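Breakdown of the fold
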Amino acid sequence: WAVLATVREDPRRRLLTRRITTFRKIGASYRRDEEVHRQRLYSKAELIELLRAVGFRVRVLGGYGAGPFPAGLAGFLARKP
């Protein structure tokens, strides 16, 4: 397998776009596939407000397991009572 990815952030539109191309060897040939992932970017406060507005209890997480998230990233634990 080979995986190539490019990432572009559009701060004005608050959009992150990942273009991913994969190559996988099958016999003597290669199979190629392409994907585009678009993610809307939200601040912590906006996301908490949106989740609470539809009835979730929200807790902000600073990491997963023993590993902290990189700067600028956060996790959320959201549950409906």
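One can find the structure itself at the top, above this paragraph.
Small disclaimer: the values here were computed from a predicted structure and weren't measured.

Each helix and strand in the chain was counted, giving 1 helix and 7 strands. Each helix (α) and strand (β) of the chain, taken in turn from the N terminus, gives the series β-β-β-α-β-β-β-β. A compact globule built from 81 residues would reach a C-alpha radius of gyration of about 12 Å, whereas the chain, at 18 Å, exceeds it by more than 25%. Principal-axis analysis of the C-alpha atoms places the extent of the chain at approximately 55 × 35 × 25 Å. Sorting the 81 residues of the chain into buried and exposed places 14% on the buried side. Sequence separation of 24 or more characterises 21% of the internal contacts of the chain that already satisfy a separation of 6 or more. As displayed, the chain offers around 6900 Å² of accessible surface, 53% of which is attributable to carbon and sulfur atoms. Distance from the positive charge centre (18 side chains) to the negative charge centre (7 side chains) of the chain: 5 Å.

Next up on the list: the layout of surface pockets. Empty space left among the atoms is revealed by rolling a probe the size of a water molecule over them. The space that makes up the largest pocket amounts to roughly 360 Å³. As for the largest pocket, its lining consists of 13 residues, and the residues nearest its centre are Leu-41, Tyr-42, Gly-72, Leu-73 and Ala-74. For the lining of the largest pocket, the elements supplying multiple residues, two or more each, are β2 (15–26), β3 (29–40) and α1 (44–53). Residue composition of the lining of the largest pocket, by class: 7 nonpolar, 3 polar and 3 charged.

A few words on the pairing of β2. The pairing of strand β1 (residues 2–10) with β2 spans 9 bridges and is antiparallel. Within the sheet, the bridge partner assigned to Glu-9 lies in β2 and is Leu-16. What sits between the antiparallel neighbours β1 and β2 is a turn of 4 residues, in which Arg-14 has the positive phi angle 55 degrees. Where β2 meets β3, 12 bridges bridge the pair, whose relative direction is antiparallel. If you follow Arg-18 over to β3, its bridge partner there is His-37.

The next point concerns the sheet that holds β1. Taken in spatial order, the 3 strands line up as β1-β2-β3 in an open sheet, and their pairing is antiparallel. Every other strand in the sheet has two partners, leaving β1 and β3 as the edge strands with one partner each. Shown here is a sheet whose adjacent strand axes are inclined to one another by a mean of 10 degrees, direction ignored.

Here is what the cut-offs are and how they apply
Residues numbered from 1 in each chain as written. Predicted model: local features only at pLDDT ≥ 70, side-chain atom pairs only at ≥ 80, totals over all residues. Heavy atoms only, no water. Helix = DSSP H or I, 4+ residues; strand = E, 2+ residues; numbered from the N terminus. Rg over C-alpha atoms; globule rule 2.2 N^0.38 Å. Buried < 20%, exposed > 50% of the residue type's maximum accessible area, 1.4 Å probe, protein only. Contact = heavy atoms within 4.5 Å. Areas by Shrake-Rupley, 256 points an atom, 1.4 Å probe, with all protein chains shown as cover. Lys, Arg positive; Asp, Glu negative; His and termini not counted. Charge placed at Lys NZ, Arg CZ, Asp CG, Glu CD. 1 Å grid on protein atoms, 1.4 Å probe; cavity = no way out; pocket = protein on both sides within 12 Å on 5 of 7 lines; lining within 4 Å. Points joined across faces, edges and corners; volume = space filled by probe spheres on them. Nonpolar A, V, L, I, M, F, W, Y, C, P; charged D, E, K, R; others polar. Pairing = 2+ DSSP bridges. Axes fitted to C-alpha atoms, helices over the stretch in contact; angles between N-to-C directions.

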